[in-house]
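Read off the chains here:
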Amino acid sequence: MERYSIIKEKNPREIVLLRGKGCAYKKCTFCDYHTDKCDNEEENFLLNKSVLEKVTGCYGNLEVINSGSVFELDNKTSEMIKSTCNEKGINTIHFESHYIYNKHIKNLRKLYRDFDIKMKLGLETFDYDFRENVLCKGIAESDPEIISENFDEANFLFGLSGQTVASMEKDITLGLKYFERICLNIMCENSTKIKPDQKVIDDFIHYLYPKYKDNSRVDILINNTDFGVGD
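Per-chain numbering applies: the sequence of each chain, read as written, is numbered from 1 onward. Restriction of local features to residues with pLDDT of at least 70 applies here, the model being predicted, together with a cutoff of 80 or more for giving and counting side-chain atom pairs; totals for whole chains, interfaces and linings are based on all residues. As a rule here, side-chain values cover all heavy atoms of the structure and leave hydrogens and water aside.

### Considering the packing of helix 1 (residues 41-52) against helix 2 (residues 75-88)
Geometrically, a packed helix pair is captured by the angle between its two axes and the distance between the axes. With their axes 9 Å apart at the nearest point, helix 1 and helix 2 run at an angle of 15° to one another. Here helix 1 is positioned roughly parallel relative to helix 2, judged by the angle of their axes. Here the hand of the crossing between helix 1 and helix 2 comes out right-handed. Residue-level inspection shows Glu42, Asn44, Phe45, Asn48, Lys49 and Leu52 of helix 1 in contact with helix 2, the latter providing Lys76, Thr77, Met80, Ile81 and Thr84. The class makeup of the residues in the contact of helix 1 with helix 2 is four nonpolar, four polar and three charged. Note on geometry: axes are lines fitted to C-alpha atoms, helical ones only across the stretch in contact, with angles between N-to-C directions running from 0 to 180 degrees. Comment: elements are numbered from the N terminus, with helices defined as DSSP H or I runs of at least four residues and strands as E runs of at least two. Orientation categories follow fixed angle ranges, with anything under 35 degrees roughly parallel, anything over 145 roughly antiparallel, 65 to 115 roughly perpendicular, and all other angles oblique. Left-handed describes a crossing in which the near helix is turned anticlockwise from the far one by less than a right angle; the clockwise case is right-handed. Every residue pair with non-hydrogen atoms within 4.5 Å of one another is taken to be in contact. Residues are grouped as follows: Ala, Val, Leu, Ile, Met, Phe, Trp, Tyr, Cys and Pro are nonpolar; Asp, Glu, Lys and Arg are charged; all remaining types, including Gly, are polar.

### Comments concerning the pattern of salt bridges
Any carboxyl oxygen of Asp or Glu that lies within 4 Å of a side-chain nitrogen of Lys or Arg is treated as forming a salt bridge with it. The full count for this structure, using the stated rule, is 17 salt bridges. Between Lys49 and Glu53 there is a salt bridge, with the nearest N and O atoms lying 2.6 Å from each other. Two residues, Lys195 and Glu189, come together in a salt bridge whose shortest N-O distance is 3.1 Å. The rule is simple: take the accessible area with a 1.4 Å probe, protein chains only, and divide by the maximum for that residue type; under 20% is buried, over 50% is exposed, in between is partly exposed. We classify Glu189 as exposed; its relative accessible area is 55%. One salt-bridge network, in which partners are shared between bridges, spans Arg13, Glu63, Lys120, Arg181 and Asp219.

### Description of helix 1
Expected helix span is given by 1.5 Å per residue-to-residue step, counting one fewer step than there are residues. For helix 1, built from twelve residues, the straight-helix expectation of 16 Å at 1.5 Å per residue is met to within 8% by its first-to-last C-alpha distance of 16 Å. Among the residues of helix 1, Asn44, Phe45, Asn48, Val51 and Leu52 are the ones counted as buried. Along helix 1, the residues classed as buried sweep out an arc of 120° about the axis, all on the same side. Residues of helix 1 that are buried make contact with strand 1 (4-7), strand 2 (13-17) and helix 2. The arc in question is traced by the directions running from the helix axis to the C-beta atoms.

### Brief notes about the packing of helix 6 (residues 165-178) against helix 7 (residues 198-212)
Relative orientation of the contacting elements helix 6 and helix 7 amounts to 40°, with a least axis distance of 10 Å. Between helix 6 and helix 7, the interaxial angle falls into the category oblique. Of the two elements, helix 6 crosses helix 7, and the hand of that crossing is right-handed. Contacts from Val165, Met168, Glu169, Ile172, Thr173 and Leu176 of helix 6 reach helix 7 at Val200, Asp203, Phe204, Tyr207, Leu208, Lys211 and Tyr212.

### Details of the sheet that holds strand 1
Overall, mixed pairing links the eight strands, which are arranged 1-2-3-4-5-6-7-8 in an open sheet. In this open sheet, the two strands that pair with only one neighbour each are strand 1 and strand 8 (218-221). The sheet shows a mean angle of 20° between the axes of neighbouring strands, direction not considered. Along the sheet, helix 7 makes contact with strand 6 (153-158), strand 7 (181-186) and strand 8, crossing strand 8 at roughly 150°. Should DSSP find at least two bridges between two strands, the strands are taken to pair.

### Notes on the packing of aromatic side chains
Aromatic pairing here means that ring centres of Phe, Tyr or Trp (its six-membered ring) are within 6.5 Å. Orientation follows from the plane angle: under 30 degrees is stacked, over 60 is edge-to-face, and everything else is tilted. Taken as a whole and judged by the stated rule, the model has eight aromatic pairs. For the ring pair Phe126 and Phe179, a centre distance of 6.4 Å and an interplane angle of 35° mean the geometry is tilted. Taken together, the residues span a long stretch of sequence, with Phe126 in the loop between strand 5 (116-124) and helix 4 (128-133) and Phe179 in the loop between helix 6 and strand 7 at a distance of 53 residues. The buried category is assigned to Phe179, whose relative accessible area is 3%. On the basis of an interplanar angle of 50° and a centroid distance of 5.8 Å, the ring pair of Phe158 and Phe204 is categorised as tilted. Placement of Phe158 in strand 6 and of Phe204 in helix 7 is noted, with a sequence separation of 46 residues between them. Look at Phe158 and you get buried, because its relative accessible area is 0%.

### Remarks on the environment of Asp74
Assignment of secondary structure puts Asp74 in the loop between strand 3 (61-65) and helix 2. Linking Asp74 and Pro210, residues 136 residues apart in sequence, is a C-alpha distance of 41 Å. Not counting the four nearest positions on each side in its chain, Asp74 is found in contact with Glu41, Asn44, Phe45 and Asn48. In this structure the side chain of Asp74 is engaged in a polar contact, spanning 3.1 Å, whose partner is the backbone nitrogen of Lys76. N or O atoms closer than or at 3.5 Å make up a polar contact, with two conditions inside protein: a donor-capable atom paired with an acceptor-capable one, and, for residues adjacent in sequence, both atoms drawn from side chains.

### Re helix 2
Between the first and last C-alpha of helix 2 there are 20 Å, a value that for 14 residues agrees with the 20 Å anticipated at 1.5 Å per step. Buried residues of helix 2: Thr77, Ser78, Met80, Ile81, Lys82, Thr84 and Cys85, and no others. Looking at the buried positions of helix 2, the neighbouring elements they touch are helix 1, strand 3, strand 4 (92-97) and helix 3 (105-111). Where helix 2 begins, the capping side chain belongs to Asp74, and its oxygen is found 3.1 Å from the backbone nitrogen of Lys76.

In structure tokens form, the structure reads like this:
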């Protein structure tokens, strides 16, 4: 499992994949990332410490992911993130969170008041019916403005049966309207029952990838390890 990498293009930054107690939601039908977890906080901290020690501060920009939400990291890891960023001159920190923690984000920003915090939401799509009845994301809100209120960035998931070029482009357009940055993730085969649809993926590659591949606000992950972390 690779847990540290450097992203050199489009918003250059270091990225770390840390380990927490596990996703509190765990109902997304397409996701098996939540298996990267441990109930032992001390073991998690020791692992996370070894990863954070690799951070150099080369871009002053750090993305922290943990197969769940930042709120599921132990306190010692959270403190080490702050101290590492202070020591390495890192001003911007990107965190991920499920929408269930939406009301906790303001307090998180206060805890990290010395940094420019960018919160990323795993939204997957603005299509409420598809998001909640197929992907089971647990985001009861449908208004894009309300959804994005406490978030700066968003993940979208493409390459699934039922999606079209038009639906994917609508998500991208709305994503760029309501968020500072978006990340387009192409569905990869995993242990869940949700499988990639190659026709939809081909359509994305043919019609949408050329249009957005050079957009500085759009990250595109054809493979889920394209950021250099994971396995």
